[in-house]
Amino acid sequence: HAFSHHLQQTFNSSGNVVTELRMMTRTDEPNCVRLESAAMPNCIRLESAAIGNGIRACRTVMINITEQKRIALALQQKRTEQDALLNAIPAIVFYKDLDLRYVAVSQMFTDLLGRSLGNVLGKTDFELLPRELAEDFQRINREVLESGTTKAGIESRLTDANGNIVYLSTVLAPFNNMEGNIA
């Protein structure tokens, strides 16, 4: 049924039509495939003497995307687990990218700043913290990235969203990707 729908869309479209389907294999394991089809131009239309109707033809590329789907699902599961941890952990936790922009933060971190998650992600220390503290954090973050070693006992003070003075002792550690490079 889904394949018939794909063909119908292909013949009713002037461009490429892309569809993802699940197909059963000989071992009864489902495979995910990506079909990309384009109807052949009318000038190549074949005539069938037996039926008397024009035979519609299309070109289709079929790619097995089962492994990509499995990886995407596993990645989504890890992100869900990370989000659950960041929302529940009673600590200020954050991840930054190589441009030192926040890419994931704990709920406690957003509460400290009095900002929503959307107003923290993608931002730098200079957009979130007092200038002097931001300069210190940027310098120390760069040292950690360049050395590839953890730096502990970074003491700082700031005023939280409620006007309270908060003392922080921070540990910064590099995060390595699968290739072993700092990410």
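Quick caveat, the model's predicted, so the values are computed rather than measured.

Help me understand the nonpolar core in this model?
Inside soluble globular proteins, nonpolar side chains tend to come together where they are buried. Grouped together as the largest cluster of nonpolar side chains are 18 residues, with contacts concentrated most on Tyr 102, Phe 109, Leu 113, Val 120, Leu 128 and Leu 129. At five residues, helix 5 (residues 131–147) tops the list of elements feeding residues into this core. The residues touching Phe 109, leaving out its near neighbours within four places in the chain, are Ile 92, Val 93, Phe 94, Tyr 102 and Val 120.

Can you walk me through a nonpolar patch on the surface in this structure?
Together, Tyr 95, Val 103 and Phe 175 line one region of the surface with nonpolar side chains, adding up to about 290 Å² of accessible area. Within the secondary structure, Tyr 95 sits in strand 6 (residues 94–96).

When you look at the pairing of strand 9 (residues 165–172) in this model, what are you seeing that I'm missing?
Note on strand geometry: in a regular strand, side chains alternate between the two faces of the sheet. Covered by surrounding structure in strand 9 are Val 166, Leu 168, Thr 170 and Leu 172 only, the residues Ile 165, Tyr 167, Ser 169 and Val 171 on the alternate face being uncovered. Pairing of strand 8 (residues 151–159) with strand 9 involves seven bridges; the strand directions are antiparallel. Looking at the pairing, Arg 157 lines up with Tyr 167 of strand 9. Between strand 8 and strand 9, which pair antiparallel and follow one another directly, the connecting turn spans five residues, one of which, Gly 163, has a positive phi of 90 degrees.

Would you explain the packing of aromatic side chains in this entry?
Aromatic ring pairs: the centre-centre distance and the angle between the two ring planes describe each pair. This model, assessed by the stated rule, comprises four aromatic pairs. Summarising the aromatic geometry, the rings of Phe 94 and Tyr 102 are spaced 5.4 Å apart at their centres and angled 75 degrees between planes, so their arrangement reads as edge-to-face. On the accessibility criterion, Phe 94 (23% relative accessible area) is partly exposed. Judged by its relative accessible area of 1%, Tyr 102 is buried. Relative to Phe 109, the ring of Phe 94 has its centre 5.8 Å away and its plane inclined at 45 degrees; by these criteria the two rings are tilted. With a gap of 15 residues between them, Phe 94 in strand 6 and Phe 109 in helix 3 (residues 107–113) connect regions that are remote in the sequence.

How should I be thinking about the pattern of salt bridges in this particular structure?
Side chains that carry opposite charge are capable of pairing whenever their charged atoms lie near each other. Across all of its chains, the model carries 10 salt bridges by this definition. Linking Glu 36 and Arg 34 is a salt bridge whose minimum nitrogen-to-oxygen distance equals 3.3 Å. Owing to a relative accessible area of 25%, Glu 36 belongs among the partly exposed residues under this scheme. In this structure, Arg 131 engages Glu 135 in a salt bridge whose closest nitrogen and oxygen atoms are separated by 3.2 Å. On the criterion of helical spacing, the pair formed by Arg 131 and Glu 135 is a turn pair, its members being four residues apart in helix 5. Overall, Arg 131 belongs to the exposed group, its relative accessible area being 57%. Connected through salt bridges with shared partners, the residues Asp 136, Arg 139, Glu 143 and Lys 151 form a single ionic network.

Reading the values: the criteria
- Residues numbered from 1 in each chain as written.
- Predicted model: local features only at pLDDT ≥ 70, side-chain atom pairs only at ≥ 80, totals over all residues.
- Heavy atoms only, no water.
- Core = buried A, V, L, I, M, F, W, Y, C linked by side-chain atoms within 4.5 Å.
- Buried < 20%, exposed > 50% of the residue type's maximum accessible area, 1.4 Å probe, protein only.
- Helix = DSSP H or I, 4+ residues; strand = E, 2+ residues; numbered from the N terminus.
- Contact = heavy atoms within 4.5 Å.
- Patch = residues over 30% accessible without salt bridge, like charges linked within 9 Å, V, L, I, M, F, W, Y side chains within 5 Å.
- Areas by Shrake-Rupley, 256 points an atom, 1.4 Å probe, with all protein chains shown as cover.
- Salt bridge = Lys/Arg side-chain N within 4 Å of Asp/Glu carboxyl O.
- Pairing = 2+ DSSP bridges.
- Phe/Tyr/Trp six-rings, centres within 6.5 Å; stacked < 30°, edge-to-face > 60°.

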